[in-house]
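Chain by chain, the residues:
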Amino acid sequence: MIMHVITNFTASAGAETMLARLLHGSADERIVVVSLIGVSDRNRNLADNPRVTYVSLAASSLAALPGAILRLARLIRKERPNVILCWMYHAMIAGVLASRMARCGAPVYWNIRQSLDDPASLTRSSRLAIAGAKLLSSQPAGIIYNSARALELHQAYGYQNRNMVVIPNGFELPQIGPAEATTVRRIGIVGRFHPQKDHGTFFKAVAAVRKTHPQAVFSAAGNGLSHDNRAVIDLMMEAGLPAHAVDLKGEIADMSSYYCSIDALVLSSRTEGFPNVIAEAMSYAKPIVTTDVGDAATVAGNAGIAVPARDSEALAKAIREILDLSPTEYARYARNARQRVENEYAIAAVRAKYARFLMP
């Protein structure tokens, strides 16, 4: 039996989505998912696996973490898992400490989902957890990173472990038709409103592109990206954009329809590990414009253009290049996008890599 320990299984970000995908295809007889904070219906439904038991420790603050670790230790003693996989920094710390308290013989593994391109963009709580996990990094039986850049930067920061591996995120391939020869008009960005995602740079790039390509249409999807969020409107105004210049859609349940509605995807992040949204859009045959953070440029490959982070002029230039593609050139980018996900990031191959690493 495997026990997954994750910081917050109510979130709908990359780590939570990847765990749900692993759970969905798991044939293990029994699985326990322990969330330090909570469990959402969205993630339960995405996992869609009756063999999974969910436990919420309701530790929504650092002050509640010691009590959650005690409860986790009791749960480990009760369940006696064969292996424990801890997702993200707070859960990594909690899993190691709880396993020690439980005197459990099961190996504990860590799953790091974040690069350290720009730690200043992370929350204070995350920065503290990153520092705390560094002190314990030799303790787990192994560490999984979802990008080569994340492994490199964590090693440079001081994470030490003899058994480390890069396993990228995996994706189900949607049914789509052949890539069509068309011109690009609709540009989208997907990601929660957070300093890490650097929507300010995206808005500045949009303002520049609108001056040369007034026909372009821009939309933004993600938690917090709505017209009733004053911070978003202020960023748009600071960039010189009227409120209607970007269609702020907020969090979207039907991401398939959203990816089908755009012609290309932009990622403007200051830091990433393996950005799910890039490969998700590519699976729908959408070209990419991305900042060169984490493994974003590697994932995009020949299906996109990578530019330096926090450089709105470079981002605008790349968006213009995509908008100026001929129909034939666009179809080539679209085919490259789909084929790259099929060849490199199919979920079945990624599940097999997890199994080999955790249970050799």
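Above this note sits the structure.
If you're wondering where the values come from, they're calculated on a predicted model, not measured in any experiment.

Draft legend 1. Examining the overall build of the chain more closely. Within the chain one finds 14 helices and 13 strands. A compact globule built from 360 residues would reach a C-alpha radius of gyration of about 21 Å, and the chain, at 21 Å, matches this within 12%. In terms of its C-alpha atoms, the chain occupies a principal-axis envelope of roughly 65 × 40 × 35 Å. Burial analysis of the chain (360 residues in total) assigns 55% to the buried set. Of all intrachain contacts in the chain linking residues separated by at least 6 positions in sequence, the fraction that spans at least 24 positions is 71%.

Draft legend 2. Spotlight on the sheet that holds strand 5 (residues 108-112). Pairing within the open sheet is parallel, and its 7 strands lie in the order 3-2-1-4-5-6-7. For this open sheet the edge positions go to strand 3 (52-56) and strand 7 (164-166), each flanked by a neighbour on one side alone. Averaged over neighbouring strand pairs, the angle between their axes works out to 20° when direction is ignored. When strand 4 (residues 83-87) meets strand 5, the two strands line up parallel, connected through 4 bridges. Directly across from I84, in strand 5, lies its bridge partner V108. Helix-sheet contacts for helix 14 (residues 347-358) involve strand 1 (2-6), strand 4, strand 5, strand 6 (142-145) and strand 7, and the interaxial angle to strand 6 is about 165°.

Draft legend 3. Broad picture of the pairing of strand 8 (residues 186-190). Of all the 5 residues making up strand 8, 4 are buried; the element is thus mostly covered by neighbouring parts of the structure. Two strands pair when backbone bridges link them, and strand 8 and strand 9 (residues 217-221) are joined in this way by 5 bridges, in the parallel orientation. If you follow V190 over to strand 9, its bridge partner there is A221. Running through helix 7 (residues 199-212), the crossover from strand 8 to the neighbouring parallel element strand 9 is right-handed. Where strand 8 meets strand 11 (residues 264-267), 3 bridges bridge the pair, whose relative direction is parallel.

Draft legend 4. Quick look at the sheet that holds strand 12 (residues 288-291). Spatially, 6 strands are ordered 10-9-8-11-12-13 in an open sheet, and the strand pairing comes out parallel. Each end of this open sheet is capped by a strand with a single partner; those strands are strand 10 (246-250) and strand 13 (304-307). Taking each pair of neighbouring strands and ignoring which way they run, the sheet shows an average axis angle of 20°. Summarising the sheet, strand 12 and strand 13 pair through 4 bridges and their orientation is parallel.

Draft legend 5. Local environment of the packing of aromatic side chains. By the definition in use, this model includes 10 aromatic pairs. For the cation-ring pair, K134 lies above Y157, with the distance from its terminal atom to the ring centre recorded as 4.6 Å.

Draft legend 6. Structural view of the state of the cysteines. As enumerated under the stated definition, the model contains 0 disulfides in all. No disulfide involves C86; its sulfur sits 11 Å from the nearest other cysteine sulfur, which is in C104. Judged by its relative accessible area of 0%, C86 falls in the buried class.

Draft legend 7. Seen up close, the nonpolar core. Core analysis: the largest hydrophobic core is formed by 39 residues, its most contacted members being M3, V5, L72, Y89, W110 and Y159. Ranked by residues supplied to this core, first place goes to helix 4 (residues 89-102) with 8 residues. Among all residues touching Y89, those that are not within four sequence positions of it are T7, I112, Q114, L116, A129, I130, A133, H154 and Y159. In this structure, M236, V246, I319 and L325 belong to the second largest nonpolar core, which totals 38 residues.

Draft legend 8. Representation of the packing of helix 4 against helix 5 (residues 124-136) in the model. For the pair helix 4 and helix 5, interaxial distance at closest approach is 8 Å and the crossing angle is 40°. Classified by the angle their axes make, helix 4 and helix 5 are oblique. For the element pair helix 4 and helix 5, the recorded crossing hand is left-handed. When helix 4 is examined against helix 5, the residues Y89, H90, M92, I93, V96, L97 and R100 are found in contact with a partner set consisting of S125, S126, A129, I130, G132, A133 and L136. For the contact of helix 4 with helix 5, the residue count by class is 9 nonpolar, 4 polar and 1 charged.

Thresholds applied
Residues numbered from 1 in each chain as written. Predicted model: local features only at pLDDT ≥ 70, side-chain atom pairs only at ≥ 80, totals over all residues. Heavy atoms only, no water. Helix = DSSP H or I, 4+ residues; strand = E, 2+ residues; numbered from the N terminus. Rg over C-alpha atoms; globule rule 2.2 N^0.38 Å. Buried < 20%, exposed > 50% of the residue type's maximum accessible area, 1.4 Å probe, protein only. Contact = heavy atoms within 4.5 Å. Pairing = 2+ DSSP bridges. Axes fitted to C-alpha atoms, helices over the stretch in contact; angles between N-to-C directions. Right-handed = clockwise from strand over helix to strand, strands pointing away. Phe/Tyr/Trp six-rings, centres within 6.5 Å; stacked < 30°, edge-to-face > 60°. Lys NZ or Arg CZ within 6 Å of the ring centre and 35° of its normal. Disulfide = S-S within 2.5 Å. Core = buried A, V, L, I, M, F, W, Y, C linked by side-chain atoms within 4.5 Å. Parallel < 35°, antiparallel > 145°, perpendicular 65-115°, else oblique. Left-handed = near helix turned anticlockwise from the far one by under 90°. Nonpolar A, V, L, I, M, F, W, Y, C, P; charged D, E, K, R; others polar.

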